[in-house]
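# Residue-level structural notes
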Amino acid sequence: MRIVIAIGGSILLKEYDNKKFEEYAKIINEINKEHEIFIVVGGGRPAREYISVVRDMGLSESICDDIGIQVTRINAKLLQLALRDVAYPAIPENFQEALEYSATGKIVIMGGTEPAHSTDAVSSILAEYVDADLVINATSVDGLYDKDPNKFDDAQMFSQVTPDKLLEIVSTNDNKAGTYEFIDKTAIGIIKRSNIKTVIVNGNNPENVRTAISKPIGTLIVNQ
Ligand code: UTP
């Protein structure tokens, strides 16, 4: 299969050390033996911190987004370094470049592309662009819940959800730089129009990414 793996910056940089990068490099190397992989890396805490400095300067949301994008590319570069020779040594800035770099047979790793969405949208557009079979989105939650599981004991996780239902659930979310919640609306639109099979898993355990290839785990977003 051709698989796009999206890894939240908050997963890779939780502790600000090399460990998660190395753990992910190991798993990705194994998955790469059987599948063709593209990776999209998010911004996490450093992106939000840099964005907040720029926002305090009174600059626009697009400029804030642009700073977020720069951080996602640094994070992508760190994962590329952890993967050493199996990864293409440059970070594509758009989808055409991603496709070109992948022709070398190396794993392509990218961050953000342009303002007004998060790396969730990048991973779904990339999946559409390269005609991927599956997107695995490694986030800091187990999946999509009907209410906040940190606040409600009876919160239930959806094993499957349609893009329309998901859009309804996230429609109250904020659309500001650094605050695209669970999954951004642009991503949901792309998943819907191309029916891209997308699985949301808890990326704190990188093994969940491998599990998502062959077994039900987390929340699957798919048209019915
Ligand atoms: P992320 O996709 O990482 O957003 O990009 P996030 O919601 O903070 O996700 P985690 O924490 O990594 O899981 C960081 C910020 O960079 C900008 C947005 O402002 C986003 O919130 N960005 C990123 C863009 O504007 N365009 C992109 O293509 C990617």
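Relevant structure appears above.
Calculation criteria
Positions within a chain are numbered from 1, following the residues in the order the chain's sequence is written. Only residues with pLDDT of 70 or above have their local features reported here, since the model is predicted, and side-chain atom pairs are shown and tallied only from 80 upward, although totals for entire chains, interfaces and linings are computed over all residues. Only hydrogens and water are set aside when side-chain values are computed; all heavy atoms of the structure are taken into account. Just to be clear on terms, a salt bridge is a Lys or Arg side-chain nitrogen sitting within 4 Å of an Asp or Glu carboxyl oxygen. Here a strand is any run of E in DSSP of at least two residues, a helix any run of H or I of at least four, and the numbering for each starts at the N terminus. When a residue's accessible area, from a 1.4 Å probe over protein chains only, is under 20% of the maximum for its type it is buried; when over 50% it is exposed; and in between it is partly exposed. Aromatic contacts are taken between Phe, Tyr and Trp rings whose centres are within 6.5 Å, Trp giving its six-membered ring; a plane angle under 30 degrees counts as stacked, one over 60 as edge-to-face, and the others as tilted. In this description, one arc is meant: the one made by directions from the helix axis to the C-beta atoms. In this analysis, axes come from line fits to C-alpha atoms, helices being fitted only over the stretch in contact, and the angle between any two N-to-C directions falls in the range 0 to 180 degrees. For classification purposes, angles smaller than 35 degrees are called roughly parallel, those larger than 145 roughly antiparallel, those between 65 and 115 roughly perpendicular, and all remaining angles oblique. Should the near helix be turned anticlockwise from the far one by less than a right angle, the crossing is termed left-handed; should it be turned clockwise, right-handed. Contacts are assigned to residue pairs that have any heavy atoms within 4.5 Å of one another. All amino acids are sorted into three groups, where Ala, Val, Leu, Ile, Met, Phe, Trp, Tyr, Cys and Pro are nonpolar, Asp, Glu, Lys and Arg are charged, and the leftover types, Gly among them, are polar. Residues belong to a common nonpolar core when they are buried Ala, Val, Leu, Ile, Met, Phe, Trp, Tyr or Cys residues joined through side-chain atoms within 4.5 Å. Here the term patch refers to residues with relative accessible area over 30% and no salt bridge, with like charges joined within 9 Å and nonpolar side chains (Val, Leu, Ile, Met, Phe, Trp, Tyr) within 5 Å. The protein chains shown are the only cover counted for residues, whose accessible areas, like all others here, come from Shrake-Rupley with a 1.4 Å probe. Pairs of strands are assigned from DSSP output, requiring at least two bridges between the strands.

### Brief notes about the pattern of salt bridges
- By the definition in use, this model includes 11 salt bridges.
- With a shortest N-O distance of 2.9 Å, arginine 2 and glutamate 36 are connected by a salt bridge. Of this pair, arginine 2 sits in strand S1 (residues 2-7) while glutamate 36 sits in strand S2 (residues 36-41), placing them 34 residues apart in sequence.
- Ionic pairing is found between aspartate 164 and lysine 192, a salt bridge with its closest N-O pair at 2.8 Å. Taken as a pair, aspartate 164 in helix H7 (residues 163-170) and lysine 192 in helix H8 (residues 185-194) lie far apart in primary sequence, 28 residues in all.
- Exposure remark for aspartate 164: the relative accessible area of 43% places this residue in the partly exposed category.

### Looking at the packing of aromatic side chains
- Scanning the model with the defined rule gives two aromatic pairs in all.
- Ring plane angle 20° and centroid distance 4.2 Å describe the contact between tyrosine 88 and tyrosine 101, whose orientation is recorded as stacked. Here tyrosine 88 is found in the loop between helix H4 (61-83) and helix H5 (95-102), whereas its partner tyrosine 101 is found in helix H5, with 13 residues between them in sequence.
- The class for tyrosine 88 is partly exposed, based on a relative accessible area of 22%.
- For tyrosine 101, a relative accessible area of 16% gives the class buried.
- Ring geometry for phenylalanine 95 against tyrosine 129: centres 5.9 Å apart, planes inclined by 35°, an arrangement best described as tilted. With phenylalanine 95 in helix H5 and tyrosine 129 in helix H6 (residues 119-129), this residue pair connects regions lying 34 residues apart in the sequence.
- The class for phenylalanine 95 is buried, based on a relative accessible area of 10%.

### A closer look at H5
- Regarding H5, the residues found buried are Phe95, Ala98, Tyr101 and Ser102. Seen end-on, H5 carries its buried residues on one side only, within an arc spanning 125°.

### Examining the packing of helix H2 (residues 19-32) against H4
- Two numbers describe how H2 lies on H4: the axes approach to 9 Å, and their chain directions differ by 60°. Considering their axes alone, H2 and H4 lie oblique with respect to each other. By crossing handedness, the relation of H2 to H4 is classed as right-handed. In this structure, H2 contributes Phe21, Tyr24, Ala25, Ile28 and Asn29 to the contact, and H4 contributes Asn75, Leu78, Leu79, Ala82 and Leu83.
- Grouping the constituent residues of the contact of H2 with H4 by class yields eight nonpolar, two polar and no charged.

### Notes on the nonpolar core
- Of all hydrophobic cores here, the largest spans 33 residues; its most connected members are Ile7, Tyr24, Ile28, Ile39, Leu79 and Ile109.
- Elements represented by at least two residues in this core include exactly S1, helix H1 (9-12), H2, S2, H4, strand S4 (134-139), strand S6 (198-202) and helix H9 (207-214).
- For this core, the element with the most residues is H2, which contributes six residues.
- Those residues in contact with isoleucine 28, other than ones at most four positions away along the chain, are Ile7, Ile37, Ile39, Leu79, Leu83 and Ile107.

### What to know about a nonpolar patch on the surface
- Among the surface-exposed residues, Val53, Met57, Leu59 and Ile63 lie close enough to one another that they form a single nonpolar patch of about 370 Å² accessible area.
- By the secondary structure assignment, methionine 57 is in the loop between helix H3 (44-56) and H4.

### What to know about the pairing of S1
- Burial within S1 is extensive, with five of its six residues counted as buried.
- Sheet analysis places S1 next to S4, joined by five bridges and oriented parallel. Paired with valine 4 across the bridge in S4 is valine 135.

### A short note on the packing of H2 against H9
- Closest axis-to-axis distance for the H2/H9 pair is 9 Å, and the angle between their directions is 25°. It follows that H2 is roughly parallel to H9 by the angle criterion. Where H2 approaches H9, its residues Tyr24, Ile27, Glu30 and Ile31 are matched on the opposing element by Glu207, Val209, Arg210 and Ile213.
- When its residues are assigned to classes, the contact of H2 with H9 shows five nonpolar, no polar and three charged.

These figures come from the coordinates and say nothing about function on their own.
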